[in-house]
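Structural description and commentary
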Amino acid sequence: MARLNLWRWAVLACAGLYFLVPLAASVLFTVDVSGQGITFDAYRQIVSTPGFGSSLLLSLELAAATIALVLLLMVPAMVALRLGAPRLRPVVEVLCSLPLVVPPIAFVAGIATVLKWGPEYLSRTPFFQTLLAIQNPDFPFVLVLAYVVMALPFAYRALDAGLRAMDVRTLVEAARSCGASLPWALVRAVLPNLRGALLNASFLTLALVLGEFTVAQLLGFTPFAVWIYSVGGSQAQLSVAVSVLSLLVTWALLLSLSVFGGRTRTAAKG
């Protein structure tokens, strides 16, 4: 047993070094300026740099819309799958896992091809106007649609784990026997027990949207990840400082999620 614990600590230490050494090197690069010594000017300049606020706000708006759409699509579909068609679960699992095997370059090439549809004689039709509307630079809804597809594998796994941990059919039937309609039974009986899974899916989607670069860059939009890349061409230290801060914020969110999820499970058992 002691040897097993030793191996566990050794693996944990190696994993910690694997993540922390590059992070420490990045922090050192941002604060160690030749001829000036240790300075935090790169972090002080973040807020005042042009494009920081607008790109971060755009990414947060895209993340909020993506999370809402993913949950709106996935939760009813997976609950219905559990209640009415459990044999289709492997099919849905394969479909939701497909974005993992499609390269982002191929994915965005397909999106760009679709966006080019619409010759001149369709320019006044609702179809063509819709294609233009979803490419509005102020809020490119086409990125939301792309991110929803990319988030499907993570949202599916998180929600599937939550649904496996409870008896959905019994909860729904108990609520229905008390006079609740099916939608109300789902809202009052199923969703409260899925709180941890919903938070998992939401934070994984948030991390994906904040860090996604390829699709936004190739489609010509400038959310937060693309802004970091563009700043890095002229202000390398500032770009790395923003990346470090965004990474720390993501870690803090995931840590808070694990703590909150643990408390939720403890309260449910109690």
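Residues numbered from 1 in each chain as written. Predicted model: local features only at pLDDT ≥ 70, side-chain atom pairs only at ≥ 80, totals over all residues. Heavy atoms only, no water.

With that settled, the discussion passes to the overall build of the protein. Broken down by element type, the protein carries 13 helices and two strands. A principal-axis box enclosing the C-alpha atoms of the protein has dimensions of 75 × 75 × 30 Å. The buried share among the 270 residues of the protein stands at 33%. Within the protein, residue pairs in contact and separated by at least 24 positions form 75% of the contacts whose partners lie at least 6 positions apart. Roughly 16,300 Å² of accessible area belongs to the protein as shown, and the carbon and sulfur atoms make up 69% of that amount. In the protein, 17 side chains carry a positive charge and 10 a negative one; their mean positions are 15 Å apart. (Helix = DSSP H or I, 4+ residues; strand = E, 2+ residues; numbered from the N terminus. Buried < 20%, exposed > 50% of the residue type's maximum accessible area, 1.4 Å probe, protein only. Contact = heavy atoms within 4.5 Å. Areas by Shrake-Rupley, 256 points an atom, 1.4 Å probe, with all protein chains shown as cover. Lys, Arg positive; Asp, Glu negative; His and termini not counted. Charge placed at Lys NZ, Arg CZ, Asp CG, Glu CD.)

A few words on the layout of surface pockets. Within this model, the second largest pocket holds a volume of roughly 390 Å³. L210, F224, S246, L247 and T250 are, among the 19 residues lining the second largest pocket, the residues nearest its centre. Looking at the lining of the second largest pocket, the elements that each hand over two or more residues are α3 (52-84), α10 (195-211), α12 (224-232) and α13 (236-269). Here the lining of the second largest pocket is built from residues that sort into 15 nonpolar, four polar and no charged. (1 Å grid on protein atoms, 1.4 Å probe; cavity = no way out; pocket = protein on both sides within 12 Å on 5 of 7 lines; lining within 4 Å. Points joined across faces, edges and corners; volume = space filled by probe spheres on them. Nonpolar A, V, L, I, M, F, W, Y, C, P; charged D, E, K, R; others polar.)

Another aspect to go through is the packing of helix α7 (residues 141-164) against α10. Contact geometry for α7 and α10: axes closest at 8 Å, N-to-C directions at 155°. Our classification of the angle between α7 and α10 gives roughly antiparallel. Considering only the axes of α7 and α10, their crossing is right-handed. Facing Y147, M150, A151, F154, A155, A158, L159 and G162 of α7, the residues of α10 in contact are A197, L198, N200, A201, L204, T205, L208 and V209. Across the contact of α7 with α10, the residue classes break down as 13 nonpolar, three polar and no charged. (Axes fitted to C-alpha atoms, helices over the stretch in contact; angles between N-to-C directions. Parallel < 35°, antiparallel > 145°, perpendicular 65-115°, else oblique. Left-handed = near helix turned anticlockwise from the far one by under 90°.)

Our next topic: the nonpolar core. General note: in soluble globular proteins, nonpolar side chains tend to be found buried as a group. Counting 47 residues, the largest nonpolar core has M74, L143, Y147 and L219 as the members making the most contacts within it. Among the secondary structure elements, those contributing two or more residues to this core are α3, α5 (104-115), α7, α8 (168-177), α10 and α11 (214-219). Here this core gets 14 residues from one element, more than from any other, and that element is α7. Those residues within four positions of L143 in sequence are excluded, and the remaining contacts are L62, V215, A216, L219 and F221. (Core = buried A, V, L, I, M, F, W, Y, C linked by side-chain atoms within 4.5 Å.)

Turning our eyes to something else, we now look at the packing of helix α4 (residues 89-97) against α7. Here α4 crosses α7 at 145°, and the two axes come no closer than 8 Å. Contacts between α4 and α7 involve R89, V92, E93, C96 and S97 on the former and, on the latter, L152, P153, Y156, R157, D160 and R164.

In the predicted model, the protein carries a mean pLDDT of 82, and 90% of its residues have values of at least 70. The lowest-confidence element of the protein is α13, averaging 69 in pLDDT; the highest-confidence one is α7, averaging 91. (pLDDT = per-residue confidence, 0-100.)

The subject of this paragraph is α7. Over its 24 residues, α7 runs 33 Å from end to end, which matches the ideal 34 Å to within 8%, given 1.5 Å per residue. Most of α7 sits inside the fold, with 17 of its 24 residues counted as buried. (Expected span 1.5 Å × (residues − 1).)

A separate point is the packing of aromatic side chains. Summed over the entire model, instances satisfying the criterion amount to five aromatic pairs. Ring centres of Y18 and F19 lie 5.4 Å apart, and the angle between their planes is 90°; this geometry places the pair in the edge-to-face category. What links up through ring pairs into an aromatic cluster is the set F52, F224 and W227. (Phe/Tyr/Trp six-rings, centres within 6.5 Å; stacked < 30°, edge-to-face > 60°.)

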